[in-house]
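# Structure assessment
As a plain string of letters, each chain reads:
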Amino acid sequence: MGRHSTALPDDHAANLAAITQAHGSRWEVGQEPDTGVWFAVERPTLTALHVVVDHTLAGLAVKLDAQGTSS
């Protein structure tokens, strides 16, 4: 999850594993430790940055699914 990793509840760990399996080659997924907001970062080119955020891991998964597989 990155440099601010903390222990996750079992349900979050399973959900994060599923998201990583589905989107891991395209997105870096993590949680901001101070606010608890979940984020996913994609770098489609050297100069582009695409960020998706949500208050819940489930909401983030829905947003990533909506992004599809094309870059």
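You'll find the structure just up there.
Figured I'd write up the structure that's included with this text. Since the model is a prediction, treat every value here as computed from it, not as a measurement. (Residues numbered from 1 in each chain as written. Predicted model: local features only at pLDDT ≥ 70, side-chain atom pairs only at ≥ 80, totals over all residues. Heavy atoms only, no water.)

### Concerning the overall build of the protein chain
Let me state the cut-off plainly: By the criteria applied, helices consist of DSSP H or I runs no shorter than four residues and strands consist of E runs no shorter than two, each listed in order from the N terminus. Only protein chains enter the area calculation, which uses a 1.4 Å probe; residues under 20% of their type maximum are buried, those over 50% are exposed, and those in between are partly exposed. Whether two residues touch is decided by their heavy atoms; if any such pair falls within 4.5 Å, the residues are in contact. Note that accessible areas follow from Shrake-Rupley with a 1.4 Å probe, and for residues the cover is restricted to the protein chains shown.
For the protein chain, the count of helices and strands is two helices and three strands. Counting from the amino terminus, helix and strand elements in the protein chain follow one another as α-β-β-β-α. When each of the 71 residues of the protein chain is scored for burial, the buried share is 25%. In the protein chain, the proportion of contacts linking residues at least 24 apart, taken out of those at least 6 apart, comes to 31%. Summed over its atoms, the accessible surface of the protein chain is roughly 4800 Å², and 55% of this surface lies on carbon and sulfur atoms.

### Notes on the sheet that holds strand 3 (residues 50-54)
For clarity, the cut-off: Strand pairing follows a simple DSSP-based rule, namely that at least 2 bridges must link the two strands. For helices, the fitted axis covers only the stretch in contact; all axes are lines through C-alpha atoms, and the angles between them, taken along N-to-C directions, range from 0 to 180 degrees.
Here three strands make up an open sheet; going across it, the order is 1-2-3 and the pairing antiparallel. The open sheet is flanked by strand 1 (28-31) and strand 3, the only strands paired with a single partner. Neighbouring strand axes in the sheet, compared pairwise and without regard to direction, differ in orientation by 20 degrees on average. By the bridge criterion, four bridges tie strand 1 to strand 2 (residues 38-42) in an arrangement that is antiparallel. Residue pairing across strands places Glu28 opposite Val41, the latter belonging to strand 2. Those strands touched by helix 2 (residues 57-67) are strand 1, strand 2 and strand 3, and its axis lies near 145 degrees from that of strand 3.

### Section: the pattern of salt bridges
Definition in use: Any Lys or Arg side-chain nitrogen found within 4 Å of a carboxyl oxygen on Asp or Glu counts as a salt bridge.
Tallied over the entire structure, the rule returns three salt bridges. Arg26 is the salt-bridge partner of Glu42, the closest N and O atoms lying 2.6 Å from each other. Residue Glu42 is found in strand 2, and its partner Arg26 is found in the loop between helix 1 (10-23) and strand 1; the two are separated by 16 residues along the sequence. There is no split in this pair, since Glu42 and Arg26 are both buried. For the salt bridge of Lys63 with Asp54, the shortest nitrogen-to-oxygen distance reads 3.1 Å.

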